[in-house]
Every structure is written in C-alpha cells, then in structure tokens.
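# Remarks on the overall topology
Residue-level listing of the chains:
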Amino acid sequence: MTAVHDVQLDALDARLIELFAEEPRIGVLECSRRLGVARGTIQARLDKLVGRGVIGGFGPDVSPAAIGFGVTSFVTLEISQRLGHDPVTAHLSAIPEVLEAHTITGSSDLLCRIVARSNADLQRVIDQIVSYEGIRRASTIIALAQQIPYRVLPLVRSAARGEGRAPS
C-alpha cells in the first residue's frame with residue numbers, strides 16, 4: 001500500500017501530468033517546447049513527481065478486453081482472520097486475472113477487480129480464488145458496462161487549483 005502524502009501540485013505540474021497522460025511517448029524536450037518551460041525544469045519536475053509517488057509509471061495502459069478478457073468482475077472476500085491478509089494476498093498475486101485487491105471496511109475483508117474471457121472462465125477464476133483455505137467466502141458482481149473509465153486528470157486539475165483541501 002502506498003503511503004499517503006500531502007503533495008501540493010501547481011498549474012505546471014498539472015499541465016505536465018496532463019501532457020504525459022495524453023501522449024505518454026512524448027520526450028522531455030518536446031514537452032518543454034510545448035509547455036514553454038526549460039528542459040531542465042521539466043526534467044526536475046518529473047523527477048520530483050516520480051520521487052514523491054505522484055507519477056507511478058510511464059508504461060502502456062493495456063485494455064484487458066482488447067486481449068480477450070472481456071468480462072470484468074468485482075469480488076469481495078471474507079478471509080480467515082487467524083491467517084491474516086499476507087498469505088491471501090500471496091495467493092491472489094499468483095492469479096493473473098486478479099488485477100487489483102484492496103483491504104476494505106465492512107462485512108468483507110478484501111475487494112478484488114478480476115477479469116475473465118467469458119462467464120464460464122469467470123467461474124474458473126473464482127474457483128481458483130476460493131480454493132485457498134484462508135478465504136472463507138466470496139461474493140461476485142459482474143460489471144455490465146464501464147460508465148466512467150479509471151481517470152485521474154480531473155483530480156489532478158482540482159488539486160492544482162487547491163480545491164478539496166481541508167481548511168488550515
């Protein structure tokens with residue numbers, strides 16, 4: 001889990017993040033030209049944003065559906081408290097179709113986003129997930145359509161404007 005930091009973003013940070021989000025293959029020199037800022041400034045800003053964990057990577061954004069995994073599902077898991085989260089996390093990490101898992105509050109312990117090739121394949125993935133003795137119960141919800149894709153740019157823009165901060 002990533003540590004939470006109160007990282008302040010300014011307008012240049014937001015423009016830089018937005019440009020790299022729109023064109024991940026853009027070079028630092030071209031970025032500096034488009035933003036009208038020195039190359040060294042752009043490189044320093046990128047280094048700081050990466051160092052502080054604001055930017056987590058520059059890798060490709062892969063669509064599971066485009067590579068044959070058209071079924072997306074969210075699964076809540078109840079785990080054996082005696083065994084804890086770590087062994088369950090290790091088990092889930094070994095299943096390629098588990099895209100992410102989060103510890104949650106409420107009646108369940110973990111929330112996972114998983115993908116499968118079909119509903120029948122989803123059953124296989126769920127069976128693989130619950131085969132571990134540390135998982136007591138699973139509840140699955142199949143996503144029918146994505147209404148809002150994962151996004152952070154509106155949040156970055158808001159943070160750069162100073163919106164949503166608690167009064168000091």
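Refer to the structure presented above.
Source: prediction; values computed, not measured.

What counts as what
- Residues numbered from 1 in each chain as written.
- Predicted model: local features only at pLDDT ≥ 70, side-chain atom pairs only at ≥ 80, totals over all residues.
- Heavy atoms only, no water.
- Helix = DSSP H or I, 4+ residues; strand = E, 2+ residues; numbered from the N terminus.
- Rg over C-alpha atoms; globule rule 2.2 N^0.38 Å.
- Areas by Shrake-Rupley, 256 points an atom, 1.4 Å probe, with all protein chains shown as cover.
- Lys, Arg positive; Asp, Glu negative; His and termini not counted.
- Charge placed at Lys NZ, Arg CZ, Asp CG, Glu CD.
- Polar contact = N/O pair within 3.5 Å; in protein donor to acceptor, adjacent residues only side chain to side chain.
- Phe/Tyr/Trp six-rings, centres within 6.5 Å; stacked < 30°, edge-to-face > 60°.
- Lys NZ or Arg CZ within 6 Å of the ring centre and 35° of its normal.
- Buried < 20%, exposed > 50% of the residue type's maximum accessible area, 1.4 Å probe, protein only.
- Contact = heavy atoms within 4.5 Å.

## Quick look at the overall build of the protein chain
Secondary structure summary: the protein chain contains 6 helices and 4 strands in total. For 168 residues, the compact-globule estimate of 2.2 N^0.38 gives 15 Å, and the protein chain exceeds it by more than 25% at 20 Å. Seen through its principal axes, the protein chain has C-alpha atoms that stretch 55 × 40 × 25 Å. Of the roughly 11200 Å² of accessible surface on the protein chain, a fraction of 54% belongs to carbon and sulfur atoms. Looking at the protein chain, you have 18 positive and 18 negative side-chain charges, and the mean spots of the two groups are 5 Å apart.

## Things to note about the side chain of Glu97
Here Glu97 is to be found in the loop between α4 (85-93) and β2 (98-103). Engagement of the side chain of Glu97 in a polar contact is seen with the side chain of Arg124, the distance being 2.8 Å.

## Structural notes on the packing of aromatic side chains
Counting across every chain of the model gives 1 aromatic pair. Consider the rings of Phe20 and Phe58, whose centres lie 5.7 Å apart with planes at 70 degrees: the pair is edge-to-face. Of this pair, Phe20 sits in helix α1 (residues 11-22) while Phe58 sits in the loop between α3 (39-51) and β1 (71-79); the two residues are 38 residues apart in sequence, bridging distant segments of the chain. For Arg117, the ring lying beneath its charged end belongs to Phe69, and the centroid distance is 4.2 Å.

## Concerning helix α6 (residues 153-160)
Within α6, burial applies to Leu153, Val156 and Ser158. Looking at the buried residues of α6, the elements they touch are α1. Just past α6, the residue Gly162 takes up positive phi, approximately 80 degrees.

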